[in-house]
Structures are given as structure tokens and as C-alpha cells.
Amino acid sequence: MAKTFRFLILLLRMLLVLMILIPVSSEEEETKVHSPFTWEQNFYIVYLGDGPSSKGAAVRKHLSLLSSVKASEHDAKESMVYSYTKSFNAFAAKLSSDEAQMLKELDEVASVFPNRYHKLHTTKSWDFIGFPQTAKRNLKLERDIIVGLLDTGITPQSDSFKDDGFDFNVDRSCSWTALIEFNSKLVGAKYFKLDGNTDPADILSPIDVDGHGTHTSSTLAGNLVPNANLYGLANGTARGAVPSARIATYKVCWASSGCADMDILAAMDDATSDGVDVISISIGGATGDFVTDSISVGAFHALKKGIITVASGGNDGPSLGSVSNYAPWLLTVAATGIDRQFRSAVKLGNGKSFSGIGINTFGSNEKFYPIVSGADVAINAESKELARFCYDNTLDPSKVKGRLVYCLLGEFGADSVVKGTGGVGIVLESEQYLDTAQIYMAPATMVNMTVGETVDKYIHSTRSPSAVIYKSHEVKVSAPFVASFSSRGPNAGSQHLLKPDIAAPGVDILAAYTLMNSLTGLKGDTQHSKFTLMSGTSMATPHVAGVAAYVKSFHPTWTPAAIKSAIMTTAKPMSQRVNKEAEFAYGAGQLNPTGAINPGLIYDMDEMTYIQFLCHEGYSGPSIAHLVGKKSINCSSLLPGFGYDALNYPSMQLNVINGRRQTVGVFIRSVTNVGPPSVYNATIKAPKGVEITVNPKRLVFTRSLQKRCFKVVVKAKPVASTAFAMLSASLVWKSNRHTVRSPIVIYSLQD
């Protein structure tokens, strides 16, 4: 049939040649244009099933396949555009749609995609949130900003941190510990390992052997690096929020021992003394109190020096009450997904195909292999239950070798176990993390429970089950959405304070990496890259820290609270229909960098406002003295007149006490005009059962930096009889130039 079809195509092409040679009238030309037989040639990319063996063999194979759909080998050579022969096996060629379809049907061909033309963009996340390379900048001040990161260190030789075009002149005096390759982009690097124990998997230096710190640093302030990608995926220009800013790195996290409180505090102490402008910390904070957690304490001291600290909210979602780093002086970050996803298809021997999620750069030679269930290839009867999850030392190598294995997700690293046992690849079933693409060291994909059950039934329905896992490709998805792993509120530290504060891209973020670690960090992984894709609130945090630095480059005298306010009140609203935990998932909304430099109004606070909050929360004077630097604080003199939460926070939260007919919260707020003379009018959105009033409803500002106070009263009936319930409301101040949004959350949480 295929040969007959190709003969018809050749015949039609000869007829077309005759038509070209014979003169035609304009009417005939018009008829030809509308003919169903068009021979328009477009560019296609053809992915083959096997990996590249040698360049010569791959090129010959490409030409052979192309010749099978072309009139001659000469035509095949003419239409060949490029052979990919290094990390994957593919070629680009000029094809008609019919020829592309014919190639797609060949057994050796995994997939065929039309070539599309895109505008040059970043590693996606910055452009997605409306922060293009052409965004307005104050480069004179941006070049003088130093961002401090507490992490696993940095890779100084990365292109993201080269100092081409940088002067070493920074208007401040700091006693930095120099790197071996010290430059004027990386103005300082220190490491902290105060327990004195050696780490066999790490280096006692600021050098990053993990990759996490390199990734976060480049996301925050990395240079523009064109053609950054991970084995061809996510190709674009990698860049930080403030590429002209300087970086100071403080290595506090170690491969074996993690991140010690004493090291974190020492680093934050040094960073504050060194005079950084912004601190970014993608480390999980304790879920204890505000006055003993090392990150909370260190950040408070930084605040006193005018330094804002941006911290990750945690990766323990979607469990309620899991958010960490929730002190009011921290800017706490949730993670969202952007409008791309990396998917890998799996096809069963019965012809059924399913789409799974994951980053699979090589495929299982993209040919069919026998597939087995982990439970059926256990090393012994006692291991059968654990073998379902493909745990280490539970699989029988003789039954796994040369096969794909279907497993339930128990812990990350099952692909390493399968590969180490002799398997070819893995199909993982999970109901978690289906919005985040993991990088695998063997051909793998993750599917949901429904697909997993279908795969399992197929395995047990035939004597010789087989499957193939294809290479990953990029697809467009609806976004933003809060990542499933992103920790949720309510705030375990205070029922009066909404956390997280803000959401930013943190799913499948491409940024710089170290060559000292494999892509997965798992035993046996030989994949290495200068850039990689990572997910977590760790990745979202440098996005926000970078925007904080961006705001500071325009407003160098603004306090940390003012910068936080600008970021929160200009956030783009997110959908509660998409994110059922609403503000407990995304805080004020999605990060809006260009809006944050011109917020109109700000909610400002100094350190004593936070002390008032702590007193209001029931902390004793002596317990908070170390924050202020005094022997004691007289809390009783600070309590009256500061409303329900004792804060001047951009958001408001009311905990409804079930059993009461009505709970009332009175919030006192003050805003400062940082725009032109303006009149702002209030708009309240309140759900059923909640009454919200604001007084006054109109704020008139006749000059810049003028302050105005207002009162918000929230009255709520019992929300629900269930263990947890929440309602979303909002207060919006609007002038003819600015919109200033404040989320209001009403919730009940029973013990």
C-alpha cells in the first residue's frame, strides 16, 4: 500500500512538472492555487527510535529514511537540512505534509514534528510573568546592587557569572573572602561549616558540587546566556532578574549534613555586615516560633539594616498548614507553573498510547521492550510488596534485565534502581507531582493512577507484554497554577498573618548548573549539563528576590516592608477555581515585576511594628529582647490601639471561631503615597456570610510620601462545620493610574 501511495505521489509530481512547463492563463493559475494537490515544502524534525551510534552511521540512516519518501537519493540530499547525532538521533528536512506522514508511519521513526518559528525568549519564566529583556531598567543603580544567596555555593566558571563588562568598583567596603577565580560579578564567596566535620561528598570551599546554589544564583542575577538548554529542551536565553547586579554567595548547605542553624546564622550575620541589598534563602525554615528559628532571627537583624530577606515557603504541599518561613518580616514565596510542560509518551504493545510527565532525554532506544510489573519481579516473596515501588534490593536482576518495569511511586530514585538492576526503563504511577517533570537517568515517564492501572492490566493480559517510552517534548499548558508540591497556609505561627505572601514560577525552571554533579545526583547517572531544569519553591524564591533587587534599583531608600508591599499589592490575581486553596496557596497572587516598581501606595513598617506584633501574639518581653538588642521589652505599653493583627501588612486574615455567632476583626492600616497626587477609592469584594466595611472609603493625596490611615472591619459568621474552611475577599484601592490590591482571608481550622 505504501509503495502504491508513493508511486501515485511520483506520478502527480510528474504531472505537476508538465503543468509548470505548459503556459497557463490567469484563470488556470487561480485553479491551480486552489487544487487539493499542493506541494508546499515545510521544515520538519524527525526523531528516530534508536540513539546515535556514530555520526557517519546516523547520517547514512537519515538519508536512507528520507530517500524512502523522496523520488531519489538526490532529492533526499537536497531536502536534508541537519542531522542531530550527538545527544539524540534526529534530522531536520524539507518535507510535504504527506511525506512527513509517511515518515511518521515508519517503524524506525519515533515522531515527526513541524518546525515552528519562535521569537527569542528567556528560559521562559521571566517572559511568562511579563518581564522581557526590554523591561525598563535603572542600570546605574542596578550595577551597584549586591544580592546575597545562602545555598550550596556557586560555580564561578559558569557563563552566567562571567564579569565581562563589569567594573570592580562597588560603592561599599566589604571584607569578602575571594574565590580562586575572583571576579567583579562574583564579588564575594564564603563557606560555613562550623561543626568542623568533613563531608566526603562535598568540598570545603564556596564551590557548588550540588548545583542548587548555582541554579538559584543564576535565576536571580545571572548574565544573559543565549542558547541555554538541557539536551535541546527549553532552549532560550538564560538570564536573571537583575543581570547587571553583583552576587555574594554564602555556602551553608552541604551534601551530607544539610544546612545547620549555626551556619545559617553565621552567614546571615556576615551578609548583613557585608552590606548586601537583598538576601535570598531557598532553605526550609523551622515550623517553630518566630524568635528561635535561625532564618527568622537572621532575617530580623538584616531588616534592621534595611535588607529584605526573601525565603522559600516549602515543598510540603498540598497539605494545609505546611508553609514554612512564615515570619512577617520575611517575604515568603510559593511556586507556580508556567505555560510549558515536558511530557514523554508511552506506547503499549496493543497500540494504546498515553502521555506521561518527565524529562527523558534519550528514550529506551525508542523501540519496544518487554514490560513487567515490579511486584512480579521481586527478588523473593518477602520483598513483593516493596518491589511494587521498585525499592532498592527488592528486584530480581534476572527478571528485570532488558525490560521496562512498571512501578508505583514510593520515593524518587526508582529509575536508578531499575537501571542498576539491569532494566531498560520505568513507567511510574503516581497521583502526586503530576505537574512537575522529574529528570530521569533511564528512559522513564510518570503517569496517573488511571493510566497506571491500564498499564498493569495490559501487562497481565498477554504472554508477551511490551512497551516503548519516547523522548520528551515540550507542550503548552494553561497557566499559572500553584504547584502541587508548594506548601500551603494557614500560617502555623500565627492565625493573624496570611502566608505565603506571593507566588512566582518554580516549576521546570532552566538555569545554570554544575558539571560536578550529574543531573539527578543518583548513583550511576552519567548525564551532565551546564544548565538544567529544576522545580521547587527554591526556584521561585530567586525570582522574587530578583524582583526585590529590581525594585530597589529604582527606589534605593525604600524599606524592606515597602519593597514587600510593592511586590504584593501589584501581584496579578490568580484563579481560585484552578487553585482551590486560594490565598493559602498563592498569597497575594502571581509576581508582577514591572508593576512592582510603580505601586502607587505602599504599606510601610519599621522594626518596632514587628515587635508590637510579637507582643500581640503573646511573646514575652524577655523572649524577644535578642531581636531588639535590649535586655527586655515592655509589651504592655505597645498593645493598645493596633487592631486585630498589630501589623501594617498588605494582606489581612481573620480566623473565625466556630461556636460564636459572629467573629469580628478590626484592621488598622496606613498607606504612603509613592506616586503623584491622586485620589483613591475603595472597592470591597466579600463572599456570602461576610460583611466588610472600610472607613474612609476615599483617600486623597496631595503630595508624594503623604500618609493616610483607614480602618477595615470584617464580620464573619461561622464558615462551616467541617475541619477546615476558608473564604476569599479583597480590598482594592484604585486611582486613575494605580490599582492596589489587598487579599482578605476568612477561615476556620478546628483542632
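Here the residue numbering is sequential within each chain, running from 1 through the sequence in written order. This being a predicted model, a pLDDT of at least 70 is required before a residue's local features are given, and a value of 80 or more before pairs of side-chain atoms are given or counted; all residues contribute to the totals for chains, interfaces and linings. Excluded from the side-chain calculation are hydrogens and water; included are all heavy atoms of the structure.

Novice: Explain the sheet that holds strand 30 (residues 678-685) here, please?
Specialist: The strands making up a sheet are joined through hydrogen bonds of the backbone, oriented either antiparallel or parallel. Two strands make a pair as long as DSSP finds a minimum of two bridges between them. Going along the chain from the N terminus, every DSSP run of H or I of four or more residues is numbered as a helix, and every run of E of two or more is numbered as a strand. Read across the open sheet, the five strands follow the order 28-35-34-30-32; overall the sheet is mixed. Taken across any chain shown, the strands that pair with only one partner, and hence form the sheet edges, are strand 28 (652-655) and strand 32 (698-701). Strand-to-strand, the axes of this sheet are offset by a mean angle of 20°, without reference to chain direction. Examined bridge by bridge, strand 30 and strand 32 share four bridges and lie antiparallel to one another. Within strand 32, the position partnered with Asn 681 by the bridge is Arg 698. Every axis in this analysis is a line fitted to C-alpha atoms, fitted for helices over the stretch in contact. Angles between the N-to-C directions lie between 0 and 180 degrees.

Novice: What is the right way to look at helix 16 (residues 560-569) in this model?
Specialist: Think of an α-helix as 3.6 residues a turn; residues three or four steps apart then line up on the same face. Here's how the labels work: a residue is buried when its accessible area is under 20% of the maximum for its type, exposed when over 50%, partly exposed in between, all with a 1.4 Å probe on protein chains only. Where burial is concerned, most of helix 16 is hidden: 10 out of the 10 residues are buried. Inspection of helix 16 places Pro 560, Ala 561, Ala 562, Ile 563, Lys 564, Ser 565, Ala 566, Ile 567, Met 568 and Thr 569 among the buried residues, and these make up the whole buried set.

Novice: Teacher, can you tell me more about the layout of surface pockets here?
Specialist: The gaps of empty space that remain are located by a probe, the size of a water molecule, rolled over the atoms. Reported here for the second largest pocket is a volume of approximately 990 Å³. A 1.4 Å probe that fits into a set of points on a 1 Å grid over the protein atoms alone but cannot get out defines a cavity; an open set with protein on both sides within 12 Å along at least five of seven lines defines a pocket, and lining residues are those with an atom within 4 Å of a point. In this structure, the second largest pocket is lined by 48 residues; those nearest its centre are His 212, Gln 438, Thr 520, Met 534 and Ser 535. Under this grouping Gly is polar, as are all residues other than the nonpolar Ala, Val, Leu, Ile, Met, Phe, Trp, Tyr, Cys and Pro and the charged Asp, Glu, Lys and Arg. Residues belonging to the lining of the second largest pocket are distributed by class as follows: 21 nonpolar, 20 polar and seven charged. Grid points are joined across faces, edges and corners, and a volume is the space filled by probe spheres set on the points.

Novice: What's the story with the state of the cysteines in this structure? I'm lost.
Specialist: Disulfides are covalent bonds that connect the sulfur atoms of two cysteines. We call a pair of cysteine sulfur atoms a disulfide whenever their separation is within 2.5 Å. Summed over all chains, the structure comprises three disulfides. Between the sulfur atoms of Cys 253 and its disulfide mate Cys 259 the distance is 2.1 Å. Of note, the bridge from Cys 253 to Cys 259 carries an S-S torsion of about 110° and is right-handed in sense. Judged by its relative accessible area of 7%, Cys 253 is buried. Cys 259 gets classed as partly exposed once you look at its relative accessible area, which sits at 32%. Put simply, Cys 615 and Cys 635 are joined by a disulfide, and their sulfur atoms are 2.0 Å apart. Between Cys 615 and Cys 635 the sulfur-sulfur dihedral comes to about -65°; the bridge is accordingly left-handed. Note that Cys 615 is positioned in helix 19 (residues 607-616) and Cys 635 in the loop between helix 20 (625-628) and strand 28, a separation of 20 residues in sequence.

Novice: When you look at the sheet that holds strand 31 (residues 690-695) in this model, what are you seeing that I'm missing?
Specialist: The strand order 27-29-33-31 describes an open sheet built from four strands, whose pairing is antiparallel. Every interior strand has two partners, whereas the edge strands, strand 27 (601-602) and strand 31, have only one. Summarising the sheet, strand 31 and strand 33 (residues 707-716) pair through six bridges and their orientation is antiparallel. Directly across from Thr 693, in strand 33, lies its bridge partner Val 713.

Novice: Hey, could you run me through unusual backbone geometry in this one?
Specialist: A negative phi angle characterises most non-glycine residues, just as the trans form characterises most peptide bonds. Of the consecutive residues Lys 499 and Pro 500, the connecting peptide bond is found in the cis state with omega at 0°. Along the chain, Pro 500 turns up in the loop between strand 23 (481-482) and strand 24 (502-505). Backbone torsion omega between Asn 695 and Pro 696 reads -5°, so that peptide bond is classified as cis. You can see Pro 696 is positioned in the loop between strand 31 and strand 32. Residue Asn 325 is not a glycine yet carries a positive backbone phi of 50°.

Novice: How should the packing of aromatic side chains be read in this particular structure?
Specialist: The geometry of an aromatic ring pair is captured by two quantities: the separation of the ring centres and the angle between the planes. To pair, rings of Phe, Tyr and Trp, with the six-membered ring standing in for Trp, must have centres within 6.5 Å; the planes then decide the type, stacked if under 30 degrees apart, edge-to-face if over 60, and tilted in the middle. Under the counting rule described, the total for this entry stands at 15 aromatic pairs. Linked through ring pairs, Phe 290, Phe 300, Tyr 326, Trp 329, Tyr 610, Phe 613 and Tyr 619 together constitute an aromatic cluster.

Novice: Could you clarify how one ought to interpret empty space enclosed by the protein in this entry?
Specialist: What the rule picks out here adds up to two cavities of 30 Å³ or more. Roughly 60 Å³ of volume is contained in the largest cavity. Contributing to the lining of the largest cavity are 17 residues, with Ser 218, Ala 238, Arg 239, Leu 510 and Ala 511 lying nearest its centre. Taken together, the elements giving at least two residues each to the lining of the largest cavity come down to helix 6 (125-128), helix 8 (212-221) and strand 25 (509-512). Considering each element in turn, the lining of the largest cavity owes the most residues, four residues, to strand 25. Counted by class, the lining of the largest cavity contains seven nonpolar, nine polar and one charged residues.

Novice: Would you take a moment to explain a nonpolar patch on the surface for this structure?
Specialist: On the surface, Val 664, Val 666 and Ile 668 cluster together into a nonpolar patch covering about 180 Å² of accessible area. With respect to the helices, strands and loops of the structure, Val 664 is situated in strand 29 (residues 663-673). Val 664 gets classed as partly exposed once you look at its relative accessible area, which sits at 39%. Patches in this entry comprise residues that are over 30% relatively accessible and not in a salt bridge; like charges within 9 Å are linked, as are nonpolar side chains (Val, Leu, Ile, Met, Phe, Trp, Tyr) within 5 Å. Accessible areas in this description were obtained via Shrake-Rupley with a 1.4 Å probe; residue shielding takes into account the shown protein chains only. Salt bridge criterion: a side-chain nitrogen from Lys or Arg within 4 Å of a carboxyl oxygen from Asp or Glu.

Novice: Just checking my understanding: could you explain the confidence of the model for the chain for this structure?
Specialist: As a general rule, the predicted coordinates of low-pLDDT regions are not to be interpreted in detail. Residue-level confidence of the predictor is what pLDDT reports, using numbers from 0 through 100. Summary statistics for the chain give a mean pLDDT of 85 and a share of 86% for residues scoring 70 or more. Within the model, the stretch residues 1-39 combines pLDDT values under 50 with 19 contacts to residues more than four positions away or in other chains. Every residue pair with non-hydrogen atoms within 4.5 Å of one another is taken to be in contact.

Novice: What is the right way to look at the environment of Leu 230 in this model?
Specialist: Looking at the secondary structure, you find Leu 230 in strand 7 (residues 225-230). The buried category is assigned to Leu 230, whose relative accessible area is 0%. Along the primary structure Leu 230 and Leu 533 are separated by 303 residues, whereas in three dimensions their C-alpha atoms are 7.2 Å apart. Beyond its immediate stretch of four places on either side in the chain, Leu 230 contacts Ile 359, Ile 439, Leu 510, Leu 519, Ser 529, Phe 531, Thr 532 and Leu 533.

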